[in-house]
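Analysis of the macromolecular model
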Amino acid sequence: MTLQSADKAFGPVMCIVGARPNFMKMAPILRALASHVPPLPALLVHTGQHYDQDMSGRLFTDLGLPVPDINLDVGSGSHAVQTAEVMRRFEPVLDAHRPSCVVVVGDVNSTLACTLVAVKKGVPVAHVEAGLRSYDRQMPEEINRVVTDQIADRLYTTERSAEGNLLSEGVPAERVIFCGNVMIDSLMANLKHARSAADTLRAHDIDPAVLDHPKGYGVVTLHRPSNVDDPETLRLLLGTLGQVAHDLPLVFALHPRTRSNIDKFELGNLIDPKRFVLLPPQGYLEMLGLMSAATLVLTDSGGLQEETTALGVPCLTLRANTERPITIEQGTNTLVGTDSQAILRAVAEILNGQGKRGRVPELWDGHAADRIASDLWRWLSPLAVSR
Ligand code: UD1
């Protein structure tokens, strides 16, 4: 489908998703493209980096995402295999549909792979959530971010520090647009539909009374390779979480990477079923419900750092760095790393009522995707060609 603009036309905006954290970013963008005046035609491509019901299917339903127009079905693999496979399968799709531009979000392998293919074919690329930097090149996502931002044409940022990062890497200022945080668009649109923690536990045949505790409960997610791929690091972290669980019931939504490593390293004995509520990866509405009523969140996820800031829930990030500094400077996030004493101290402070309250950052207002759609229209109209 093409869109007529005066005597010109441009092809669809090709929107790429691959892995779980992409879905909540793309849902509001697709809605904003459709509600823009005039509407911008879109095509949704799912690379299939995440493919199962827990990591993908259910989130599509929760977020009201349409069935993808194209699914590349790449599945799991090493970074090289996964990235190469997305590139190989994406190229003919790009050739067939001649989009006016490709929109990628976040920092997963699919983001980088599709950007590389499109840019080399002369198709403009817009990167949403550009300019975030952990300055830790051990993180696969950092490599994906740096390369994507160097070669993409339009860079939409979530916080002002991102622009400074991009400029210091030589990116021209006119490519950078501060538009706010699309992930918070999704949060605001869906909070009223969030599923209560009690309902979520009941759905797993767990008595919600396990969360009845004078101090409430905590939510845990862990999946970064740096935390879960090394047996000793994972053992220490699970041991520390076990100590936290003495003072506060913990709901632990286990990512498949973490679950398989706990099994592989035979660490299951560190998770006391009387103190932990173990759940599979949760749907979006379940996670929102669990987080919004929690006393604290312990995580190594990027998205949860932002969502807890928007919700005003204290977050302890089990990493040495973050690419989202605004969640620390203005929000409720604290970097605690993986040192047991530091984690226990920070938990104790929150349980004593000294947790960060924070404020919601600039332009995390539920309208970031509208700003992106308006900008895409302004940017793409002069690029439209007779077709
Ligand atoms: C990927 C992203 C990471 C993001 C995370 C969210 C990259 C480099 N990493 O990491 O940025 O924060 O997604 O989850 O892109 N698996 C399933 N079902 C699925 C998909 C995966 O069970 O639908 C299992 C597979 O065994 C796979 C493992 O999970 O090997 C890890 O998946 P993978 O896509 O390699 O990376 P993530 O750790 O999920």
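Residues numbered from 1 in each chain as written. Predicted model: local features only at pLDDT ≥ 70, side-chain atom pairs only at ≥ 80, totals over all residues. Heavy atoms only, no water.

Here the focus is the sheet that holds strand S4 (residues 42-46). Read from one edge to the other, the open sheet built from seven strands follows the order S5-S4-S3-S6-S7-S8-S9, with strand pairing classed as parallel. In the strand order of this sheet, the two ends are held by strand S5 (70-71) and strand S9 (176-178), each with one partner. Strand direction decides the pairing type here: strand S7 (residues 125-128) and strand S8 (residues 154-157), joined by three bridges, are parallel. Paired with His-127 across the two strands is Leu-155, which belongs to S8. The strands touched by helix H6 (residues 160-168) within the sheet are S8 and S9, with S8 carrying the most contacts at an inclination of about 145°. (Pairing = 2+ DSSP bridges. Helix = DSSP H or I, 4+ residues; strand = E, 2+ residues; numbered from the N terminus. Contact = heavy atoms within 4.5 Å. Axes fitted to C-alpha atoms, helices over the stretch in contact; angles between N-to-C directions.)

In this section: the side chain of Glu-307. Here Glu-307 shows up in helix H13 (residues 302-311). Among buried charged residues, Glu-307 stands out as having no salt bridge; its nearest opposite-charge side chain is Lys-25, 8.5 Å away. Those residues in contact with Glu-307 that sit more than four places away from it in its chain are Met-183, Ile-184, Leu-187, Tyr-284 and Met-291. (Buried < 20%, exposed > 50% of the residue type's maximum accessible area, 1.4 Å probe, protein only. Lys, Arg positive; Asp, Glu negative; His and termini not counted. Salt bridge = Lys/Arg side-chain N within 4 Å of Asp/Glu carboxyl O.)

Per the domain assignment, the segments making up the protein chain are domain 1 (3-180 + 364-386) and domain 2 (195-351). Distance from the C-alpha centre of domain 1 to the C-alpha centre of domain 2: 29 Å. Opposite the 20 residues of domain 1 that make contact, domain 2 presents 20 residues. For the pair domain 1 and domain 2, the summed buried area comes to about 1800 Å², and 56% of that belongs to carbon and sulfur atoms. Remark: the boundary between domain 1 and domain 2 carries four salt bridges. Across the salt bridge formed by Arg-58 and Glu-286, the nearest N and O atoms sit 3.9 Å from each other. Run the count over domain 1 and domain 2 and you get seven residue pairs in polar contact (both at pLDDT 80 or more). Secondary structure elements with two or more residues in the side of domain 1 that touches domain 2: helix H1 (20-35), helix H2 (53-63) and helix H5 (140-151). Ranked by residue count, the leading element in the side of domain 1 that touches domain 2 is H2, at six residues. Residues that form the side of domain 1 that touches domain 2 fall into these classes: seven nonpolar, two polar and eleven charged. (Domains from an automatic or database assignment. Buried area = accessible area lost by both parts, 1.4 Å probe. Polar contact = N/O pair within 3.5 Å; in protein donor to acceptor, adjacent residues only side chain to side chain. Nonpolar A, V, L, I, M, F, W, Y, C, P; charged D, E, K, R; others polar.)

Two numbers describe how helix H12 (residues 284-292) lies on H13: the axes approach to 10 Å, and their chain directions differ by 55°. By the angle class used here, H12 and H13 are oblique. In this structure, H12 crosses over H13, and the sense of that crossing is right-handed. Every residue of H13 that contacts H12 at Tyr-284, Met-287, Met-291 and Ser-292 is listed here: Leu-304, Glu-307, Thr-308 and Leu-311. Residues belonging to the contact of H12 with H13 are distributed by class as follows: five nonpolar, two polar and one charged. (Parallel < 35°, antiparallel > 145°, perpendicular 65-115°, else oblique. Left-handed = near helix turned anticlockwise from the far one by under 90°.)

Another aspect to go through is the state of the cysteines. Taken as a whole and judged by the stated rule, the model has zero disulfides. In this structure Cys-101 is not part of a disulfide, and its nearest cysteine sulfur, from Cys-15, lies 7.5 Å away. What makes Cys-101 buried here is its relative accessible area of 0%. (Disulfide = S-S within 2.5 Å.)

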